[in-house]
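# Breakdown of the fold
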Amino acid sequence: MTSAFLSPVVASGLAIPLEWVVGLGLALFAVGLLGVACRRNILIMLLSVEIMLNASNLVLVGFSRVHSEISGQVFVFFSMVVAAAEVAVGLAIVIALYRLRRSADVDDAHDLHDVDYGPVPGLKLEGEPHHHHDHDEPEAQPVGATGEA
Amino acid sequence: MDGAFLTFLAAKGEPTLINTGFASWAAWVILFAPLLVAFLVTAVPAIRKANGLAAALSISSVGLGLVLTLFVYFFPMLQAGDNVYEHIVSWVAIGDSPLITFGTRMDALAVTMTLVVTGVGFAIFVYALGYMKGDESMGRFYGKFALFVFSMLGIVMSPNFFQTFIFWELVGVSSYLLIGYYWRKHSAGEAAKKAFMTNRVGDFGFLLGILMVWAAVGDATGAFGQDVYSAFDFTVIERAVQTLGASTLFWDSIGYAAIAAALVFCGAMGKSAQFPLHVWLPDAMEGPTPVSALMHAATMVAAGVYMIIRCNFIIAYAEWAPTLICWLGGITAFIAASMAITQNDIKKVLAYSTLSQLGYMTMALGAGAYTAAMFHLTTHAFFKALLFLCAGSVIHGCHHEQDMRHMGGLKSKMPTTYKTWFVGTIALTALLPIAGWWSKDEILGATRITDMVWGSEILLALGVLVAGMTAFYMWRATYMTFGGEYRGHAKPHESPKVMTMPLVALAFFSLFIGFIGIPDGTFGAGTKTNWFEGWLHHWHVGPYAKMVWPLAIIATGVALVGFLIARKIYRNAGGNDPLPAKLGGIWRLWDNLYYVDNFYLWLVKKVQQGVAKVFWFFERWILIQAVINGLSQTVRISGDRVRRVQSGRLGNYVTSFLLGAAVVGLLVLLQVGLASAGGK
Amino acid sequence: MTVALFLIFGATALASALLSVTRKNPVASAMWLVLMFFGLAGNYVLLEAYFVAAVQILVYAGAIMVLFLFVIMLLDLRREQLESEPQPRLPFFGVAAAVLFIAVAAIALLDAVDAGVFPDAAARSTLELDGSAKAIGESLFGTWVLAFEVTGFLLLGAILGAVILTKRRLT
């Protein structure tokens with residue numbers, strides 16, 4: 001059902017091939033992905049995540065129309081709620097981080113990295129004869145192997 | 001579980017199995033009374049510390065056993081025919097069919113052996129009262145003594161192989177405890193260990209043999225399931241062998257039956273100290289003399305011979321196994337007799353003598369004359385116990401002097417001991433027709449007629465030769481101990497009554513026990529030849545030995561020659577033994593016990609230690625160094641490398657996430673792609 | 001006409017998304033993103049999702065973006081800090097993983113087109129859909145009412161989390 005208000009301008013949404021819609025969603029998703037992968041500014045990384053979310057919303061709407069199923073649009077609604085929540089928490093983290101670091105660069109914050117204890121110390125291997133003192137020697141031998149006299 | 005009552009007719013001689021009545025419950029009492037005493041003495045310090053009470057309890061437990069056994073023996077139903085009193089309960093079961101049973105079995109053989117064990121045991125128990133007098137830990141001694149008797153009775157009454165094995169090991173433990181009774185003495189501890197370990201060698205073979213028999217019989221019992229019996233039970237094994245025949249039953253592969261029989265014999269080889277596992281028995285002299293007497297007469301060494309008689313049906317038709325057994329017996333008889341010639345310790349002479357006599361019995365076992373072996377076992381139990389107790393009396397009288405070179409002239413100083421020793425020596429050397437004369441000649445006769453053994457003629461000659469050697473070393477010991485002048489430094493005195501009374505009793509039995517085997521006039525092969533064989537005919541295999549008078553005369557003549565040589569050499573020899581100079585190299589060979597101990601020592605030092613070194617190397621370098629340390633080092637190093645993945649940088653995590661998602665996507669794509677390609 | 005409009009809106013959204021992720025200044029990025037939201041809203045209208053289109057403008061462009069700008073201003077990033085990021089970093093593995101993921105998705109899309117997963121115009125033409133607020137409301141408060149309530153809690157949690165995170169003194 002095409003809205004009467006728009007009917008002079010647009011025909012049914014069904015005229016748009018679904019693969020084009022999905023293709024556009026994929027392209028937007030790729031842009032967002034590369035943004036997350038390449039940028040270091042935490043704000044722009046968050047924005048890129050929003051782009052990816054929007055790409056998936058577009059695909060949901062497209063499928064909703066083709067299958068004539070309103071649930072797809074309801075899911076877009078939920079997705080927006082999640083996005084809003086994510087942005088709220090994400091930006092709170094950004095503020096907290098900025099207070100701590102005075103920087104918006106994610107690479108400046110790597111505190112999850114464990115403490116570097118330096119190189120692993122070598123094992124003292126058991127049973128190496130030169131590690132034993134003389135009085136330890138008999139214990140390393142089978143009984144009577146040395147003292148047959 | 002009490003569903004074990006049933007009547008069962010065995011194929012041979014049709015003995016009736018009866019599970020009720022006096023004999024069935026008496027057996028439990030006879031068996032467990034000594035254990036109860038052993039437990040009380042061990043667990044209650046008050047009894048252990050009160051030496052007299054512990055001794056009284058032990059003696060009465062064995063005495064009770066003797067009395068009950070006599071009742072069982074004269075119980076009319078056992079006397080009439082071939083009845084077997086068997087009372088078994090299922091111990092371990094799989095579903096409804098028993099895997100292992102436990103019980104008592106009283107038949108003619110078991111009653112005979114029980115009489116020997118409790119009878120001779122009773123005499124020795126009483127004797128020990130005098131011998132151990134003044135020993136502060138006499139309570140401990142009697143506790144172990146009772147345990148020893150319990151273990152032996154368990155073997156005697158055992159209705160199955162599994163129970164036999166349990167008590168077999170208990171005998172081993174008891175002997176270990178008793179040989180090492182004077183544990184403060186280093187040599188006693190060593191001897192106890194040696195006895196235990198040597199027996200372990202034999203027991204290992206025994207266990208393998210039991211399992212081989214069990215496997216074969218268990219396969220076959222589907223054909224005639226006995227719902228209260230397991231495949232360990234002698235009744236079932238005997239039935240299986242007789243119904244299906246040893247060759248078909250143990251058919252699996254060529255030699256299975258013979259290997260199984262030989263492995264079962266391994267157990268007897270250890271307990272009855274047959275060559276090459278004989279080395280422990282002389283060392284076992286480290287125990288108190290009553291222990292030696294009990295061990296050599298009634299309990300431990302008799303167990304092997306008894307066990308073979310008990311399961312003769314798997315030995316008798318097992319291809320080359322009888323030959324092996326017979327030859328090992330002959331070799332043992334000969335080398336033990338030769339080693340006995342060189343001993344100066346009075347107990348060691350008797351120890352090697354026991355070995356030699358056990359060799360005779362084993363010869364009889366190989367020759368299929370199981371009743372003859374049992375006969376010799378019975379007579380030997382009496383006169384060997386007598387001789388050991390006499391030796392104990394001598395040692396006691398000479399203040400713990402055991403070397404015969406420091407004795408002499410005890411004939412007048414210890415008259416009762418001398419007279420009883422004389423009886424025992426005659427019985428052992430078979431100069432007069434008492435005890436040993438009858439039983440040994442029956443064994444020689446059986447060796448002559450047997451068709452189960454390859455080269456039995458050689459063994460017969462060897463047996464006759466050993467008779468001469470026996471006479472020689474026994475009379476050598478007699479002359480050195482009792483003849484001439486006293487050469488020691490103590491003041492020898494006759495032993496107290498409590499010691500001499502058992503000697504007299506045993507001498508009495510030694511005089512007359514042989515007459516149960518007097519030929520009853522029917523000398524032809526194929527029929528029983530005397531009362532004893534008639535009593536135990538169920539255990540006889542093959543033709544009965546004729547009483548061959550020429551053979552008996554020859555053997556007696558050879559023994560007489562041995563006696564005369566000993567008389568000539570030792571009558572006036574004093575403390576000097578002229579024999580080493582005369583025999584030279586042979587003497588050294590005998591004196592060094594054929595270097596068997598040296599060989600074992602060499603084996604342990606070189607071969608076992610060599611193997612141990614290989615394992616040591618393996619353990620130290622390959623197992624610990626390469627595997628354990630190598631593994632831990634690998635984990636450490638790789639952990640250090642992998643640790644760097646946790647960089648804490650967001651970019652790296654995003655990268656890992658994308659990579660993982662891409663791989664999952666790729667996999668899904670491949671799956672779907674394959675599916676769509678297949679669907680098209 | 002519809003298809004042409006779809007292409008115009010789509011191209012706008014894609015171009016502004018690209019510009020958004022390549023800007024150094026987060027304020028410029030946010031502004032380009034607003035344009036992308038409008039482009040997508042246009043496409044929603046074309047796909048007859050009128051209510052979603054309206055919410056897209058209201059929530060994304062109106063609320064979320066304002067929040068973004070608010071935070072950017074709150075941080076008060078100085079120019080040198082904003083410009084401090086060198087050339088957009090191109091970590092080899094990161095880009096490779098992203099490209100691999102995109103390639104997989106693209107191949108899956110093409111594979112689906114080849115396999116005839118997407119219905120053609122004839123198959124689509126008979127379907128109808130009411131994308132009005134009423135229809136969505138009925139579905140939201142009917143079929144999906146439980147999920148709706150859960151999202152309410154989710155938002156509550158997010159608000160609490162945000163408050164705690166910003167109030168707490170991190171040392």
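Residues numbered from 1 in each chain as written. Chains lettered and ligands numbered in written order. Predicted model: local features only at pLDDT ≥ 70, side-chain atom pairs only at ≥ 80, totals over all residues. Heavy atoms only, no water.

## Brief notes about the overall build of chain C
Condition: A helix here means a DSSP run of H or I that spans at least four residues, while a strand means a run of E at least two residues long, and both kinds are numbered starting from the N terminus. Think of it in three bands: with a 1.4 Å probe and only protein chains considered, a residue is buried below 20% of the maximum accessible area for its type, exposed above 50%, and partly exposed in between. Every residue pair with non-hydrogen atoms within 4.5 Å of one another is taken to be in contact. Residue burial considers only the protein chains on display, and all accessible areas are found by Shrake-Rupley using a 1.4 Å probe.
Scanning chain C from N- to C-terminus turns up eight helices and zero strands. Counting from the amino terminus, chain C carries its helices and strands in the arrangement α-α-α-α-α-α-α-α. Evaluated residue by residue, chain C yields a buried proportion of 37% over its 171 residues. Put simply, of all contacts in chain C between residues at least 6 apart along the chain, 58% involve residues at least 24 apart. Accessible surface computed for chain C: about 9,300 Å², of which carbon and sulfur atoms make up 74%.

## Things to note about the overall build of chain B
Helix and strand counts for chain B stand at 29 helices and three strands. By the burial criterion, 59% of the 680 residues in chain B qualify as buried. Looking at chain B as shown, the accessible area adds up to about 26,100 Å², and 70% of this sits on carbon and sulfur atoms.

## Some words on the interface of chain A and chain C
This is how the line gets drawn: The term salt bridge refers to a side-chain nitrogen of Lys or Arg lying within 4 Å of a carboxyl oxygen of Asp or Glu. Within 3.5 Å is the distance limit for a polar contact, defined as a pair of N or O atoms, with the added protein rule that one can donate a hydrogen and the other accept it, and that residues adjacent in sequence qualify only through two side-chain atoms. Note that Gly is not counted as nonpolar here; it falls among the polar residues with everything else outside the nonpolar set of Ala, Val, Leu, Ile, Met, Phe, Trp, Tyr, Cys and Pro and the charged set of Asp, Glu, Lys and Arg.
The partner chain C presents 90 residues to the 83 residues of chain A that form the contact. Counting every contact that joins chain A to chain C gives one salt bridge. In this structure, A:R65 and C:E48 form a salt bridge, with 3.2 Å as the shortest nitrogen-oxygen distance. Put simply, chain A and chain C have six residue pairs in polar contact (both at pLDDT 80 or more) between them. If you list the elements that add at least two residues to the side of chain A that touches chain C, you get α1 (18-38), α2 (42-67) and α3 (71-101) of chain A. Tallying contributions element by element places α3(A) first for the side of chain A that touches chain C, with 25 residues. Looking at the side of chain A that touches chain C residue by residue, the classes come out as 58 nonpolar, 16 polar and nine charged.

## Describing the packing of aromatic side chains
Any two aromatic rings considered together are summarised by their centre-to-centre distance and by the angle between their planes. Residue and element names in this part refer to chain B. Definition in use: Between rings of Phe, Tyr and Trp, where Trp is taken as its six-membered ring, a pair exists when centres lie within 6.5 Å; planes separated by under 30 degrees are stacked, by over 60 edge-to-face, and by other angles tilted.
All chains considered together, the criterion is met by 40 aromatic pairs over all chains. Residues F32 and F150 carry aromatic rings whose centres are separated by 5.7 Å and whose planes lie at 45° to one another, so their mutual orientation is tilted. Linking F32 in helix α1 (residues 22-43) with F150 in helix α6 (residues 138-157), this pair joins segments that are 118 residues apart in sequence. Overall, F32 belongs to the partly exposed group, its relative accessible area being 30%. Each ring, one from F508 and one from F509, has its centre 5.7 Å from the other, and the planes form 80°; the classification is edge-to-face. Joined through ring pairs, the aromatic side chains of W28, F32, W91, F102, F150, F162, F167, W214 and F232 make up one cluster.

## Some details on the confidence of the model for chain B
Residue and element names in this part refer to chain B. For clarity, the threshold we go by: For every residue, the predictor reports its confidence as pLDDT, a number between 0 and 100.
Residues at a pLDDT of 70 or more form 88% of chain B, whose mean pLDDT is 80. Ranking the helices and strands of chain B by mean pLDDT puts helix α7 (residues 161-179) first, with 90, and helix α4 (residues 76-79) last, with 57. Note on residues 1-14: pLDDT under 50 across the span, and 36 contacts to partners over four residues away in sequence or across chains.

## Considering the nonpolar core
Spelled out, the test is: What we call a nonpolar core is a set of buried Ala, Val, Leu, Ile, Met, Phe, Trp, Tyr and Cys residues that are connected through their side-chain atoms within 4.5 Å.
Counting 217 residues, the largest nonpolar core has B:F161, B:I314 and B:W421 as the members making the most contacts within it. No other element matches helix α18 (residues 370-397) of chain B, which puts 18 residues into this core. Ranked by size, the runner-up nonpolar core spans 80 residues in total, among them A:L18, C:A30, C:L69 and C:A98.

## Remarks on the pairing of strand β3 (residues 97-106) of chain B
Residues and elements named next belong to chain B. The test is simple: The criterion for strand pairing is that DSSP finds at least two bridges linking the strands in question.
Summarising burial for β3: eight of the 10 residues are buried, a large majority. Judged from the nine bridges that link them, strand β2 (residues 84-94) and β3 form a sheet pairing that is antiparallel. Residue pairing for β3: A93 is matched across the bridge by P98.

## Details of the side chain of C:S20
Relative to the assigned elements, C:S20 resides in helix α1 (residues 2-22). Residue C:S20 is classed as buried on the basis of its relative accessible area, which comes to 1%. Contact partners of C:S20, with chain neighbours within four places excluded, come to A:I51, C:S29, C:W32 and C:L33.

## Considering the side chain of B:K440
All names here are of chain B. Counted only if it meets this: Charged residues are defined here as Lys and Arg on the positive side and Asp and Glu on the negative side; His and the ends of the chain fall outside this count.
Its location among the elements puts K440 in helix α21 (residues 436-449). No salt bridge is formed by the buried K440; its nearest oppositely charged neighbour, D441, is found at 5.9 Å. Not counting residues up to four positions away in its chain, the partners in contact with K440 are Y360, H376, T429, A430 and A467.

## Some words on α1(A)
Along an α-helix, a turn takes 3.6 residues, which lines up residues three or four apart on a common side. Rules: Expected helix span is taken as 1.5 Å per residue step, with the number of steps being one fewer than the number of residues.
Taking 1.5 Å per residue as the helical rise, α1(A) with its 21 residues ought to reach 30 Å, and the 30 Å between its terminal C-alpha atoms agrees with that figure. Counting buried residues in α1(A) gives 15 out of 21 residues, a clear majority hidden from the surface.

## A short note on unusual backbone geometry
B:F275 connects to B:P276 through a cis peptide bond whose omega is 5°. We note that A:S68 has phi near 55°; this positive angle belongs to a residue other than glycine. When you line up the elements, A:S68 lands in the loop between α2 and α3. Judged by its relative accessible area of 24%, A:S68 is partly exposed. The residue B:A273 is not glycine, and still its phi comes out positive at about 55°. As for its position among the elements, B:A273 is in the loop between α11 (256-271) and α12 (280-283).

## Describing the environment of B:T450
Residues and elements named next belong to chain B. Assignment of secondary structure puts T450 in the loop between α21 and α22 (456-482). A residue is classified by how much of its surface remains accessible, and T450, at 11% relative accessible area, is buried. As for T450 and G366, which are separated by 84 residues in sequence, their C-alpha atoms are 9.1 Å apart. Setting aside its immediate chain neighbours within four residues, T450 contacts A367 and S456.

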